[in-house]
Amino acid sequence: MKKKTIALKNIAVLAVLSLATIACNEDFSTLDSDLINSDNNSHFNSETSLYDVITYNRALGGEGEQFRPVQTNNLPSNLLGIYDDPTYGRTTASFVTQLAQSTSDPSFGEGTQIDSVVMTIPYFSTVTGTADEGGSTYELDSIFGDGYIKLSLYESTYFLRGFDPNSEFDESQRYYSNGATSPTEMIDPTALEGTPIAELLSDTEPPLLQNFKPSEAQIILTEPSDDEVEEGEEPEYEVSERLAPALRLKLDPGYWNQKIISKEGDAVLSNSNNFNDYFRGIYFKVEEVGESGHMSMLNMSSTSANITIYYTKDPSVEDGDRIEASYTLTFSGNRVNFLENQFNLPLMDGNDLDGDEKLYLKGGQGSMAIVKLFDGEDLDENTESDNTFENFKNFFAQTDEEGKFVKRRRLINEANLVFHVDQSQVNGEEPDRIYLYDIDNERYLTDYLGDIASSTSPLYSRTNHLGKLERVDDETDGEGIKYKLRITEHVKSLIENDSTNVKLGLVVSTNVNLEINSSTGLPTTQAKMLTADDVKVPVSSVLSPRGTVLFGNNTADEDKKVYLEIFYTEPEN
């Protein structure tokens, strides 16, 4: 099998390639594709070509005009905590969320007495086995770091409006990572910190929220057994329910009695609009308590994420037992993540003409890269000479006078972009996944949908297209070597479907499955930047605090330079 490097700026190179000699059959065993092998290649020879690409940085968290807050409202999950990236520095994530009533204009009954108020927000977790006491053991997913944080909960007095009053067509209000609602308007931080609502009914020392860290233990709920109890003896308790790991807190009943139960019949509980203006939300504030902290991704969209008020009311019949009841508030409506960065290194826009030596990828409001195949050129009206993209297309296909596909000249078996990690700058805790997408159309590539390696596991889903990080000795904590991204169908489409040669975006991803709506199969709406309209950011990158550094196309290290590599075959003459 022959391997060539093609700089398509030089048309003469193509002429040399067209005269390439036929490779021997023995070489097919080394072809990096499972589509062609020694059993079916009797009429074909195989070759490999490397094509130049342009890769450059695009800052989100830079200085001045390169400070581009990213939209963070209505994400499927929310980040909470403090994460110290060993390469990029510290990110602190807090958020504010509206609540929604389970029932508008509720009737709680007579003689209500609150027993307890419990807030539950599940973590993302995986069952790993069976616990000795029954139920399951778990491993937490999407927890970054293992230190403690201080967590405070406040009733927010800031109204999270649903529509932008400055728009002409009743557009939804966008909220951004720095607390902005527009280039000239910010959320007042003092309006977020109203009444504290997380006074725990606990004698834990030190208080749980003053030194908070997620637990991977299952949550076991108990209730008194039905066995008869002698007078003066305590009842025995039995397990009533087992829950997966969650942020679960008991809240002050007095506050919720005054805020909710006592408002029965009041207009503030009569509909969602009135309620959202009356109870404007809860602010989850994070502060440091030591040199390091942790950050968790909370499953706010879970049906188990709620605040439940457990109470009793007078019986419906004389001398009857008191009736147990509950009222639930869910975390629906607007939610806004706030991201504060303290970077160790400057993040800047790169060279969009020649490309950059290094590519700095950092999730959240960090940094991304832009990839231009074939110099970013497309079909043009110049009939005197072919541009870079036209040279590529003519090499693989016969085209008509307008440059449109007529028939194949060579068959593309596989096309890859391989990005090598710069371990001289990366200091560990690298992301396992990165995501490549179509910037112009704000969506995944064709290869994303066709990847049969689809899985609910973020680590192993769609790895044929978006290869996970290859590490030294395949150790889970080994140094990262490279990411291999297959874009075969995308490249084929440029030729055979006459598709536009769009710019591609490259970002860190916490879960590549988030980029498709599982219900509709349509692309997930991407996050807008506050001060830029030309690029939007995938939600799976907004929700990742991690970062890495990759070699770009302009590195002097030829072995680490990023190319578009294409494996192809052509019929014997």
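Residues numbered from 1 in each chain as written. Predicted model: local features only at pLDDT ≥ 70, side-chain atom pairs only at ≥ 80, totals over all residues. Heavy atoms only, no water.

J.: I would appreciate a short explanation of the overall build of the chain in the present structure.
T.: If you tally the helices and strands in the chain, you get 8 helices and 34 strands. When the 573 residues of the chain are sorted by exposure, 50% land in the buried category. For the chain, long-range pairs separated by at least 24 residues make up 76% of all intrachain contacts whose partners lie at least 6 apart in sequence. Put simply, the chain shows about 27,100 Å² of open surface, and 43% of that area lies on carbon and sulfur atoms. (Helix = DSSP H or I, 4+ residues; strand = E, 2+ residues; numbered from the N terminus. Buried < 20%, exposed > 50% of the residue type's maximum accessible area, 1.4 Å probe, protein only. Contact = heavy atoms within 4.5 Å. Areas by Shrake-Rupley, 256 points an atom, 1.4 Å probe, with all protein chains shown as cover.)

J.: In this structure, what is going on with helix α7 (residues 488-496)? I would like to understand it.
T.: Residue pairs spaced three or four apart in an α-helix point in one direction, given the helix's 3.6 residues per turn. Most of α7 is tucked away: 7 of the 9 residues are buried. Along α7, the residues classified as buried are Thr-488, His-490, Val-491, Lys-492, Ser-493, Leu-494 and Ile-495.

J.: What is the right way to read helix α5 (residues 388-396) from this model?
T.: Judged by how many residues are buried, α5 sits mostly within the fold: 8 of 9 residues are covered. Along α5, the residues that are buried comprise Thr-388, Phe-389, Glu-390, Asn-391, Phe-392, Lys-393, Phe-395 and Phe-396.

J.: Help me understand the nonpolar core, please; the structure alone is not making it clear to me.
T.: Considering soluble globular proteins, one finds that nonpolar side chains tend to be buried as a cluster. The biggest cluster of nonpolar side chains holds 75 residues, and the ones touching the most others in it are Leu-373, Leu-417, Leu-436, Leu-506, Leu-564 and Ile-566. Discounting residues that sit within four places of it in the chain, Leu-373 has contacts with Val-53, Leu-417, Ile-487, His-490, Leu-494, Asn-501, Leu-504 and Leu-564. (Core = buried A, V, L, I, M, F, W, Y, C linked by side-chain atoms within 4.5 Å.)

J.: Help me out: how do you make sense of the pairing of strand β26 (residues 434-438) in this one?
T.: A regular strand places its side chains so that they alternate between the two faces of the sheet. Of all 5 residues in β26, 5 are buried; the element is thus mostly enclosed. Burial along β26 is two-sided: the residues Ile-434, Leu-436 and Asp-438 and Tyr-435 and Tyr-437 are all buried. Here β26 runs beside strand β30 (residues 504-508); their pairing, made up of 5 bridges, is antiparallel. Across the sheet, Ile-434 pairs through a bridge with Val-508, a residue of β30. (Pairing = 2+ DSSP bridges.)

J.: Would you mind showing me how to read the pattern of salt bridges here?
T.: Think of it this way: side chains of opposite charge can pair up when their charged atoms draw near. Applying the stated criterion to the full structure yields 20 salt bridges. Arg-90 is paired through a salt bridge with Asp-84; the nearest N and O atoms lie 2.7 Å apart. On the accessibility criterion, Arg-90 (12% relative accessible area) is buried. (Salt bridge = Lys/Arg side-chain N within 4 Å of Asp/Glu carboxyl O.)

J.: Before we go on, may I ask you to explain the packing of aromatic side chains in this structure?
T.: Each pair of aromatic rings is reported with the distance of its centres and the angle of its planes. The full count for this structure, using the stated rule, is 22 aromatic pairs. Each ring, one from Tyr-435 and one from Tyr-448, has its centre 6.1 Å from the other, and the planes form 80 degrees; the classification is edge-to-face. You can see Tyr-435 sitting in strand β26 and its partner Tyr-448 sitting in helix α6 (residues 446-450), a full 13 residues away along the chain. Residue class for Tyr-448 comes out buried when judged on its relative accessible area of 0%. Ring-pair connections join several aromatic residues into one group, and the members of that group are Tyr-51, Phe-374, Phe-389, Phe-392, Phe-395, Phe-396 and Tyr-568. Here the basic side chain of Arg-410 rests over the ring of Phe-395, its NZ or CZ set 3.9 Å away from the ring centre. (Phe/Tyr/Trp six-rings, centres within 6.5 Å; stacked < 30°, edge-to-face > 60°. Lys NZ or Arg CZ within 6 Å of the ring centre and 35° of its normal.)

J.: Is there a simple way to explain the environment of Gly-194 in this structure?
T.: Within the fold, Gly-194 resides in the loop between α2 (189-192) and β13 (219-224). Along the backbone, Gly-194 and Tyr-283 are 89 residues apart, and their C-alpha atoms lie at a distance of 8.7 Å. In contact with Gly-194, other than residues within four places in its own chain, are Tyr-154, Glu-155 and Thr-157.

J.: Looking at this model, I keep getting lost on unusual backbone geometry. Mind explaining?
T.: Most peptide bonds are trans, and most residues other than glycine sit at a negative phi. Phi at Asn-74 takes a positive value of approximately 60 degrees, unusual for a residue other than glycine. For Asn-74, the position within the fold is in the loop between β2 (44-59) and β3 (78-85).

J.: Whenever I open this one, the sheet that holds strand β18 (residues 306-313) confuses me. Can you help?
T.: Pairing is antiparallel across the open sheet formed by 5 strands, whose spatial order is β5-β19-β18-β6-β15. Looking along the sheet, the strands with just one partner apiece sit at the ends: β5 (100-101) and β15 (246-251). Pairing between strand β6 (residues 113-122) and β18: 7 bridges, direction antiparallel. Paired with Thr-120 across the bridge in β18 is Asn-306.

It is worth stressing that arrangement in space is one thing and function is another; only the former is reported here.
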